[in-house]
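Examination of the molecular architecture
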Amino acid sequence: MGDFSKEDEDILRELCLCNGLHYEKIKTHAEARNSVRLLEMFFSGCPRLVGLNSFPCLETLILIGQPIDVIIGLDACVNLRELWICECKLKRIGGLEHCCSIEQLYLYSNCISQIENISHLRRLFKLWLNDNRIATIEGLVHLKKLRDLNLAQNRIREIGKSLSSQNSIEVLNLSGNPISSLQDLTNLADLHCLRNLSLQDPQFAPAPACLQCNYATHVLYHMPQLTHLDTFSVTSQALRELVEVTVVRKKFYYNIQTRLLQHRLNDQLSEKEKELNEVVTMLESRIRTLQCDAKQIELELNDESSPQSASTEGLSKNDCLTAKHSALTQRSNELEGKLKLLQEWYASVKECFDADADLARQMLLLELQTGGNVHCEVGKPTDVWYSSCCDLIQNGFCAADYLSVSVIGVRVTNVFKVHNRIMRTEFDSQLSAALEREDILTYTQGRSYKDLIEYFFMVRDSQAATADDVLQALENGGKHVDSKQDAVHLTNNLHAAEKKWLVQLTEQIKTSGRNTNLVLANRKGLAVVAKVFTGKTMPANNEMHMKRSNYPDADSVFSPISDAAVLDPSAESSTASVIGHDPGYALWFLFDYRMALPEYLVEYEYICQYPPLTPRQSVGMASPAEGINTADSLDDEDVLLLEPVFPPKPRLVVLTRDVLLRHCGVPSLESVRVLNLHNNGLTQLWQLDSMPELRKLVVSHNELSRVDGIANLDHLRHLVLSHNKLTTLEGLQNLGSLQHLDVSWNQLENIRGSLQVLRKHCTSVVSLDLRHNPWRKHANLRLHVLGRLKQLKTFDGQPVTESETASALRLLLSSRVSVAMLLSRSRTDQNELKSLDLCSTAEVTTRMSRNRPERLTDDDTTWWSKITTLNVDSQGLSKLSNLDQLVNLKWASFAHNYISKIEGLDACMQLLELSLEDNCVTKTDGLAHLTALVRLNLSCNTLMSLDGQLFSQFSHLQQLNIDRNRISSLEGLQHCASLFELCAASNRISNTRSVFCLKSLQNFTILDLYGNPVTETENYRLHMIFHLQTLRSLDGTVIEASDSNLAREIFGGRLTQDFVADRLGYSDFSQLSRADFSHMGIKQVDLGNTKCFQNLTSINLEHNDLTAFEGLTALSHLKILCLNYNHIESLFPGKSRQAAGGVKNSQLAPLSVAEAATPVLSQLQVLHLGYNGIMNMAQLQLWRLPALQSLFLQANEIVTVDGLDGMTSLRELVLDRNKIKCLGPNSFASQSNLVELHMEENRLRDLSHFDQLQSLSRLYLGMNKISDLAELENLVSLTNLKELSVISNPVSKKQTHRPMLVFRLPQLECIDGIAVTEEEQVKSDSFFVDQLQTSPLSPDTHGGFQGNWKVPVKMTSLQMPLGRYSNERQSPGSIPLATYGPQANALPQREHPSNGIDTVHR
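The rules behind these values
Residues numbered from 1 in each chain as written. Predicted model: local features only at pLDDT ≥ 70, side-chain atom pairs only at ≥ 80, totals over all residues. Heavy atoms only, no water. pLDDT = per-residue confidence, 0-100. Helix = DSSP H or I, 4+ residues; strand = E, 2+ residues; numbered from the N terminus. Contact = heavy atoms within 4.5 Å. Pairing = 2+ DSSP bridges. Salt bridge = Lys/Arg side-chain N within 4 Å of Asp/Glu carboxyl O. Buried < 20%, exposed > 50% of the residue type's maximum accessible area, 1.4 Å probe, protein only.

Confidence along the chain averages 82 in pLDDT terms, with 87% of residues attaining 70 or more. The lowest-confidence element of the chain is helix 27 (residues 1153–1157), averaging 54 in pLDDT; the highest-confidence one is strand 7 (residues 171–173), averaging 95. A low-confidence stretch, residues 623–631 stays under pLDDT 50, and its non-local contacts, those more than four residues away or across chains, total 10 contacts.

The sheet built from 10 strands is open, its strands ordered 1-2-3-4-5-6-7-8-9-10 with mixed pairing. The sheet is open, and its two borders are formed by strand 1 (38–42) and strand 10 (232–233), each paired with just one other strand. The pairing of strand 6 (residues 148–150) with strand 7 spans three bridges and is parallel. Paired with Leu149 across the bridge in strand 7 is Leu172.

As a further point, take the pattern of salt bridges. The final tally for this structure, using the stated rule, is 37 salt bridges. Between Glu670 and Arg657 there is a salt bridge, with the nearest N and O atoms lying 3.7 Å from each other. Of this pair, Glu670 sits in the loop between helix 16 (657–664) and strand 20 (674–676) while Arg657 is found in helix 16, placing the two residues 13 residues apart along the sequence. For Glu703, the salt bridge identified is with Lys725, shortest N-O distance 2.8 Å. Here the residue Glu703 occupies a position in the loop between strand 21 (696–698) and strand 22 (718–720), and Lys725 occupies one in the loop between strand 22 and strand 23 (740–742), the gap between them amounting to 22 residues. Judged by its relative accessible area of 27%, Glu703 falls in the partly exposed class. Among the ionic contacts, a cluster of salt bridges with common partners joins Arg259, Asp963 and Asp1008.

Further remarks concern the pairing of strand 2 (residues 60–64). Judged by how many residues are buried, strand 2 sits mostly within the fold: five of five residues are covered. Going residue by residue along strand 2, you find Thr60, Ile62 and Ile64 tucked away on one face and Leu61 and Leu63 tucked away on the opposite face as well. Bridge analysis of strand 2 against strand 3 (residues 82–86) gives five bridges, and the strand direction is parallel. Bridge pairing in strand 3 links Ile64 to Cys86.

Below is the structure:
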């Protein structure tokens, strides 16, 4: 050991004493020193480290509560593994350069302000720096083995990406730090090994973030690997599921709100588009007329065969033609210029709408990502704070500041109140601290502290007026200030608040050559209004930086805005002067950002000196009410009437050989070289193949939608197809000599398809005109065309320059997926990152992850298979390529490109999410191999239909977005069993039936059809809710319980065409002949136009809730109708109210003569009305069924048989199981043709009034109360009666009833279900003849007998069988009860010919 001073030696003695070491032995024996592994000292007042170099084998050093302020003397402790210097006075970390073996470092409760000088400790796995003064997490990048990090009770405000490289950290404690942002905590999601996180450790103060709403949910969602949070175990599976469900619901809600917001934007934009299209259509019509005459003159001037061209008169005419052509061209160019102005106007309007929508979307996203701790409340003009903000904006506006941009005022359009729990807590805390300061009275001067609270505009540092810039201020206030000025910039002058971005905007307008007035008129300004406590303030020194160190005694400083300080945004000199303004305007610089609380966001529009014109006004047109007869359109007429005026000529509508011969004035078409078909009504081109020598063809101003018929014209060089209706160029085939092509003013949309045709078949084209076509994705159109048609010399009337050609080639090279693009825009993450963003997984992953693939050498190919995520949005791609080796690709996004064909994805069979949003895709070919897809986005394309066979393979598909396409049917999606979200807004779906295929999807909860024609149908929303009962959201609006109840109330029990289509599985009812809708709770029939049911002859509606025939009467071809087990009262509702209670026909509610006489269901033959509770037959109005042959009324409450007047066609009537006691004299007055009558299980005692049924063949009266044999005599007049049943009546118990019936009704063939034999007939006749001979009674005039008599009958002479309700056989004419009773589940099929109508199911 070396020599020590007396003080140092005392310190060393104390150290030895504390550790039980003999100082003298340590001093003299090296062996003793080398054996020391642990030294510790607690609260002994050691001022510094002394003599530690004497212990080279020291492994653990613990110093607690010592006044040590610097680490020294550890150079020889190379074996030191654990170091504790805690509760000391360390100000910085140092002196550990030689201690590379340290594994655990404890430096808590010191005065350390910076993490430094430990990057060489590569073995360090535990670092405790809690209870220090550290403000920034830094210096940990190289500590790859660090597992336990304690930074509690420091001054760290932001985590950021400071720990993203520490993948080994398992335990992290950040309690007691002023971390307030939940979004900042999501940066810890990069720590995949993190298991224990604390921000609210009981040993320390809680971080502000953990006091916010949804803190635990937010953390556990983003870090599902955690086992402990704030010292509590979070491994419960139920807790995990609760977190997941909560986040899913939140994202569901905000996704709905975002879509609803987009719908509102589209509605507003559609109104502007409608206004624009009205004017554009009028302008294009005028341009078409002008260019039609101009083209006619051009053809006349170029007509070499014209005999007048050489004469003097001809020269004069040519001059006139040339002058008129010049005037027409000039006028046409003027109108095209106005079209360009309209496009600028629409671009400005759309830009404004997009900015508004982007701001609103970002507000919703901010609310979601902050767990609802920051949200904006939309103000109403009636709110007090709304008016106050309007006044503040008006007071802050000074017209002198805006002279250069011609703005004379501002108008507030919206005010949002900002609720920021984080910033408000900090503001209130700082305000309370400020009010407790000792010097508070010196600057309040007896006033209330509220007098020091002002409302200022926050100065926007960004030059771009973006939503991100504004929301940054709303969330963080002035936390992120300019690096040169450590202060928050505030002002009470509106221009000063937005000066930077206004200057930038003005420069952009000048560079682009756009109209400043037009841009500003459609651009909205944004001002963040902050509540500010200025505290102690003083004037600023403009020569000093605005930092607290320069103003130690001030909380804020201010600088008045002088006349020279408010500069013209376009001025280059800082001394530019403007008109004077209010001297009260000033710039304020606040040194504590927490004292500025963002409280309001004000949206306002500029009032320009020259107010913006409507599209009509901008082109000089009158209002719609005044028509278009303005001076502007009169100029067109003046030009068109210039000499010479061409007389109308006959138009060619169809081309034939004879027509062409006459038109060309030649004997043979083979010699024709020039063909002029300008300004005709042609819709097709024929016979042109008979002109092999054709050089020039003009077919402008016609009605062509295709160009079939022009192929294979080998010598054609000049082709004009302008002003037609072409949608494709596919007919231009094998035109190798074509040099000049004009297809302007058509309806071409697909630029890639059109260019492919020209590249393949028109290889010699040097002049091409594609102007004025509704190209989809027309940005950089000129460069796209020049890059693919390299031989072009003139395009759209402008010569092609070398610089354009070079730019086009560069653009072409970047239109494919290159290796460099893959390396920079792909990731290798195996798991989907947790995020609260609402964008695609690919976009989230590429933004959050830094796991790029590594290409070790040029020959390395292994990196391809490591790629799992690819995001190439907005890269100008026109073709998918270089993807065949991405076999493990899971998430891919190709949005906002120019892709027209899905290809190159066959190898990506692991793909889970694919986005092709905003491209030019027309078909879904190319997706067949992607059977693992879970999310698919095909929105903003040109799809016409969905491939049902293709989608049948997507059994895992959960989310499908096909917004803004041209789809008219959703057929095929019913096979996507896992689908729960479908977005199909702004398509062409017009029939509700096309949505019914989704009813089979059990998990289907979200449907968006906003903007489709189907949404305009009556009760559309309730209709969808009723039929798709699993839905929770429709068209961006949550479905409430009240909506479902109302839907059931309106549509429940309605038999409609949609209902029929849903049950049958198809919507073509033309071949439907029989239908069964029993047991379906139908209350009302509303089939609409029944022409499609012309072949329907049989329908079963048993077991429903119908009360009338209404809705069925329109089925004019119906023959069989079954309505058993309903509540039928009448043919039509409301006709029977006065007839209730058994009122006679004469007492019914009065009907008009026409109504009563009008027949319905003219072909109906069989009607079942059993089990309906009918009490009165008359109120049924059955007389209006003229063809009815079989009527079943069993099991009702009928007492009286009436209401059958006029039913002469009736052949069969069933009245079993009613309450009929007797018949009236008019009960069967019109039923002379009735063949079969059932009245079993009634209360009949009297058989009078059956004599009117002269055609009756079968009569069933079983189970009544007929007791007297004499009543049977009333049936003697029924001479055609073949079968009779009176079984289970009292009379049937009498031994003589059967022989008497056999004798009195000799025509009977069956009695009580048993056939009458000849032997029985003979015995009965013999018996009764004998009785009559001995009886004193004589027959009466009616064939009966006078007086009372008894007939003794031997029981052995006649065999009396059991009735027909026993187990014996039944006669062929009998009808089982099951035929029309409760067992009848389908239409009754009876054996009698009257109802044996054949019906066939489709």
